[in-house]
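Now for the letters of each chain:
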Amino acid sequence: MIDEFRPNRFYKNNKEILLSAKENAIMKLFIDNENRIFSKDMLYDLIWGESIIDENAIMVYINRLRAKIEDDPGRPKYIQTVRGLGYRFVI
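Every chain is numbered on its own, with residues counted from 1 as its sequence reads. Per-residue local features of the predicted model are confined to residues with pLDDT of at least 70, and side-chain atom pairs are confined, for both listing and counting, to 80 or more; whole-chain, interface and lining totals are unaffected and use all residues. With hydrogens and water excluded, all non-hydrogen atoms of the structure serve as input to the side-chain values.

## Details of the overall build of the protein
Next up, step 1: Secondary structure follows DSSP: runs of H or I at least 4 residues long count as helices, runs of E at least 2 residues long count as strands, and numbering of each begins at the N terminus. What the protein contains, in helices and strands, is 3 helices and 4 strands.
Next up, step 2: From first element to last, N terminus to C terminus, the protein shows the α and β order β-β-α-α-α-β-β.
Next up, step 3: Relative to a compact globule of 91 residues, whose C-alpha radius of gyration would be 12 Å, the protein shows 12 Å and is just as compact.
Next up, step 4: By its C-alpha atoms, the protein is 35 × 30 × 20 Å across when sized along the principal axes.
Next up, step 5: The cut-offs for exposure are 20% and 50% of the maximum accessible area for each residue type, with area from a 1.4 Å probe on protein chains only; residues under the lower value are buried, those over the upper are exposed, and the others partly exposed. Within the protein, the fraction of its 91 residues that count as buried is 34%. C-alpha atoms define the radius of gyration, and 2.2 Å times the number of residues to the power 0.38 defines the globule rule.

## Here we look at the packing of aromatic side chains
Next up, step 1: Ring geometry is summarised as follows: Phe, Tyr and Trp rings, the Trp one being its six-membered ring, pair when their centres sit within 6.5 Å, and such pairs are stacked at plane angles under 30 degrees, edge-to-face over 60 and tilted between the two. Using the criterion set out here, one finds 3 aromatic pairs in the structure.
Next up, step 2: Ring geometry for Phe30 and Phe89: centres 6.3 Å apart, planes at 5 degrees, overall stacked. Separated by 59 residues along the polypeptide, Phe30 in helix 1 (residues 21-32) and Phe89 in strand 4 (residues 86-89) bring together distant segments of the chain. Across the pair, Phe89 and Phe30 agree in class, each one buried.
Next up, step 3: Ring centres of Trp48 and Tyr61 lie 5.3 Å apart, and the angle between their planes is 65 degrees; on these two criteria the pair is classed as edge-to-face.

## Focus: the side chain of Lys22
Next up, step 1: Relative to the assigned elements, Lys22 resides in helix 1.
Next up, step 2: A relative accessible area of 13% means that Lys22 is categorised as buried.
Next up, step 3: What qualifies as a polar contact is a pair of N or O atoms within 3.5 Å, subject to a donor-acceptor requirement within protein and to the restriction that residues adjacent in sequence count only when both atoms come from side chains. In this structure the side chain of Lys22 is engaged in a polar contact, spanning 3.3 Å, whose partner is the backbone oxygen of Ile47.

Here is the structure:
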């Protein structure tokens with residue numbers, strides 16, 4: 001499980017994007033593994049570990065991140081859904 005602290009700062013158009021600890025952990029994982037596909041199960045294990053969360057929580061966090069970083073969250077360019085496999089971060 002990724003630690004809860006927030007060592008990173010993320011910016012869009014020279015403005016800092018404020019992320020929750022979990023959003024920060026997901027973004028760090030994506031950035032450190034650009035283009036790698038992460039299934040929901042993988043994200044759950046890597047980010048939440050032994051914690052029990054609602055199965056839709058990952059989708060909620062992905063949608064929150066998209067709302068913060070994408071120009072058009074409905075047509076994501078950076079956090080892409082790979083149908084049937086999971087999510088990947090593309091720059």
